[in-house]
Amino acid sequence: MAAEDLERLAQQSPEDARQSTLKDVAIAIRGLEVGFGGPPIIKGLDLNIYRGEVIGIVGGSGTGKSVLMRTVIGLNKAQAGSVWAFGEDFLTLSFFEQRRIEKRWGVLFQQGALFSALTVAQNVQVPMREHIRNMQQELMDEIASMKLSMVGLPPDAAPKLPSELSGGMKKRAGIARAIALDPEILFLDEPTAGLDPIGAAAFDDLIAHLRKTLGLTVVMITHDLDSLVTVCDRIAVLADQRVKLVGTIDDMLESDHPWIREYFHGPRSRAAGVGKR
Amino acid sequence: MGQRAAIGNEPWIMQNRTDGGATLQAGGAWIVTNSPPLFESLKTLSFRKDEPITVELDRLERLDTAGAWLLYRTVRDLRAAGHDVEYKGGTEAQMSLIDQATTNDALCLIEEREPNVVVRMLEDVGAVVMRVGGQATASLAFVGLLMETLWRYTKYPRRFRLTATVKQMELVGLNAMPIVGLISFLIGVVIAYQGAYQLRLFGAEIFTVNLVVTAVLREFGILLSAIIIAGRSGSAFTAEIGSMKMNEEIDAMDTLAISPMDTLVVPRFIALVIMMPLLTFYADIMGLLGGALIGWLSLGIEPMQFLERTHDVILGWDLGVGLIKAPIFGALIALIGCYEGLACKGSAESVGHHTTKSVVESIFMIIVLDAFFAIFFTTIGV
């Protein structure tokens, strides 16, 4: 069923893709091709990201998960294809128009990517300071405090420098900065990598909580089977340069693609309780 | 009696009086981009003492966390002032956002408060003293360790890494030749040109040769080579060793019983001590060539005549004074470069910081030492 879906997407006209991003689709990726000189890393990739869903992107090392995310948010150049976001062809927009769209999504990088010279609270204020004219310092302080509390950071973490925080706290602060302007979409690059199982579970809870309360659409690259099971509505598997399969965890379990079988039926997935369902 | 109203997506608030109290109606888009004007206008609200207030949300078109925060903080302040406040007409999603604002009301410190100026100055002075003291001991210990390592080679010569040393000689010496040569040549040109212009006033153009020979051989050849090498190789030493330290490669060597002194520091040290005099000699020649070219082109001194004059001018020690400093400066650059590289810790930022420090310290030490040498050589009369 899922494979047919992808087939259908590939045959959609650009206008259909654009129209769909005005309704229930947040981002529509069509025929995307990205490479860095050598053979393309992804080619002919089609994917719909629906509003309000949490979609997990999985794939072996080097299948282009990060490349896909970086291309969609405009950090890498695509050789071909289009990324429709909110009814506009993001990759063809001018620099300034891209900035306008970029304010509607937030990104959490793997290590948090906090600005090292600013305190945690100042990091959260950066987007407000840059993009909202005449915002009162008092209001920025209050909103930054609220965001830090929302991501579960204690108040005494706010005046610290990022270098004084643990890895998990850095990621939480990174999320607080990403949601500073109340984006509609949140991109997460391996949010639970490098966290201990307890911290990772707490982070999964946080993502689910934010998604529920803020109505966010979440796109996360992850290797964490627990995250895939607990927070993701759908999973997209990257293999052979494109999205091989997209669907729920049950669709994954039924697939007979060798890599997908190994991934979702391996010993680690049994430990995560995937097979039991 | 609307206080403020606007159309479309603009956010607005309206205050109305009803029988039993007052209503506060919020409408439009209460989103973060609209928050500054809302924040201002919410400040101007005023109510009769103790009257109950209903906050009506049914005209809200959009609400995000910033808007929810503004609503919540208004209600919070009104309640604190003794009003009976309730929300009305909000959708489930909107009420959940207001709940979020309510549960996450915890104003925190944005940055640490600065201690007062006097305390801070004392603190800074103390920190500098501690740091300088610590650095002096640590660098002395490093020199000692290097000496010890070198001494051990007399007993175990096979521990010396010849291949690495030769490789470093190529990197710091051979590869530096184009830039050192070009700079020295140009400095020779400049000295000759400026000198000739002044000396012509006395009709003593031929003394340009004396000027070029003395300046280049005694000072400029060595000084310029040392400064270029400090910028080129000293910084490279720090950056290379520093990034290896960040990558835990140095720790890995330790656990494999490989001494970083043997593999990293000694080859660089020996390479610079050997290559620095060679580079200096080469810089001297290039400087003289630059001088000779100007002598020929602008003063009409034939190259052969320049050479003969040079031969007469050099009084034994001119060349020696320059060359004797070379290995010392080379050792200094290598020591500072390697020491700073091994001192990197924490983040990638520290590699950049130590690289800058390494170059600044090397150049500073070179010029200070050079001044001492100048006094010393003048005193002993060479």
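As the structure is a prediction and not an experimental result, all values here were calculated from the model.

A.B. asks: Just to check I follow, could you spell out the nonpolar core for this structure?
C.D. replies: Buried together is how nonpolar side chains tend to be arranged in soluble globular proteins. Within the largest apolar cluster, 85 residues are counted, with the highest numbers of intra-cluster contacts made by Met128(A), Leu148(A), Ile175(A), Ile179(A), Phe264(A), Trp30(B) and Leu71(B). Here this core gets eight residues from one element, more than from any other, and that element is helix α2 (residues 65-80) of chain B. Residue contacts for Leu148(A): discarding those within four places in its chain leaves Val120(A), Ala121(A), Val124(A), Leu153(A), Ala158(A), Ala176(A) and Cys108(B).

A.B. asks: Which parts of the structure should I look at to understand the layout of surface pockets?
C.D. replies: Unoccupied space between atoms shows up once a probe the size of one water molecule is rolled over them. Counted as a void, the largest pocket has a volume near 850 Å³. Every residue lining the largest pocket is counted, 31 residues in all, and those nearest its centre are Asp182(A), Pro183(A), Glu184(A), Arg62(B) and Asp64(B). Elements with a contribution of two residues or more to the lining of the largest pocket: α8 (197-214) of chain A together with β3 (53-63) and α3 (92-103) of chain B. No other element matches α3(B), which puts four residues into the lining of the largest pocket. The class makeup of the residues in the lining of the largest pocket is 13 nonpolar, nine polar and nine charged. Its volume calculated, the second largest pocket comes out at about 650 Å³. Surrounding the second largest pocket, 21 residues form its lining, Glu102(A), Trp105(A), Gly106(A), Val107(A) and His131(A) being those nearest its centre.

A.B. asks: Any chance you could explain the packing of α2(B) against α3(B) here in plain terms?
C.D. replies: Between two packed helices, both the angle of their axes relative to each other and the distance between the axes serve to describe the pair. Residues and elements named next belong to chain B. Two numbers describe how α2 lies on α3: the axes approach to 8 Å, and their chain directions differ by 65°. Comparing the axis directions of α2 and α3 gives the class roughly perpendicular. The chirality of how α2 crosses α3 is right-handed. Facing Thr65, Ala68, Trp69, Leu71 and Tyr72 of α2, the residues of α3 in contact are Leu97, Ile98, Ala101 and Thr102. Looking at the contact of α2 with α3 residue by residue, the classes come out as seven nonpolar, two polar and no charged.

A.B. asks: Before we go on, may I ask you to explain the domain arrangement of chain B in this structure?
C.D. replies: It is common to give the size of an interface as the accessible area that goes away when the parts come together. Looking at the assigned domains, one finds that chain B contains domain 1 (12-103) and domain 2 (161-380). Domain 1 of chain B and domain 2 of chain B are separated by 72 Å when their C-alpha centres are compared.

A.B. asks: Can you walk me through the confidence of the model for chain A in this structure?
C.D. replies: Do not read the predicted coordinates in detail wherever pLDDT is low. In this model, chain A carries a mean pLDDT of 83, and residues with pLDDT of at least 70 account for 96%. Within chain A, the lowest mean pLDDT, 69, falls on helix α1 (residues 2-11) of chain A, and the highest, 91, falls on strand β8 (residues 217-221) of chain A.

A.B. asks: Even after reading the chapter, I still don't get empty space enclosed by the protein, so can you show me in this structure?
C.D. replies: Residues and elements named next belong to chain A. Here the structure, examined in full by the defined rule, presents two cavities of 30 Å³ or more. Taken together, Ile29, Leu47, Ile49, Ile57, Leu68, Met69, Val72, Phe187 and Val219 make up the full set of residues lining the largest cavity. Among the residues forming the lining of the largest cavity, the class breakdown is nine nonpolar, no polar and no charged. The computed volume of the second largest cavity comes to approximately 30 Å³.

Reading the values: rules and limits
- Residues numbered from 1 in each chain as written.
- Chains lettered and ligands numbered in written order.
- Predicted model: local features only at pLDDT ≥ 70, side-chain atom pairs only at ≥ 80, totals over all residues.
- Heavy atoms only, no water.
- Core = buried A, V, L, I, M, F, W, Y, C linked by side-chain atoms within 4.5 Å.
- Buried < 20%, exposed > 50% of the residue type's maximum accessible area, 1.4 Å probe, protein only.
- Helix = DSSP H or I, 4+ residues; strand = E, 2+ residues; numbered from the N terminus.
- Contact = heavy atoms within 4.5 Å.
- 1 Å grid on protein atoms, 1.4 Å probe; cavity = no way out; pocket = protein on both sides within 12 Å on 5 of 7 lines; lining within 4 Å.
- Points joined across faces, edges and corners; volume = space filled by probe spheres on them.
- Nonpolar A, V, L, I, M, F, W, Y, C, P; charged D, E, K, R; others polar.
- Axes fitted to C-alpha atoms, helices over the stretch in contact; angles between N-to-C directions.
- Parallel < 35°, antiparallel > 145°, perpendicular 65-115°, else oblique.
- Left-handed = near helix turned anticlockwise from the far one by under 90°.
- Domains from an automatic or database assignment.
- pLDDT = per-residue confidence, 0-100.

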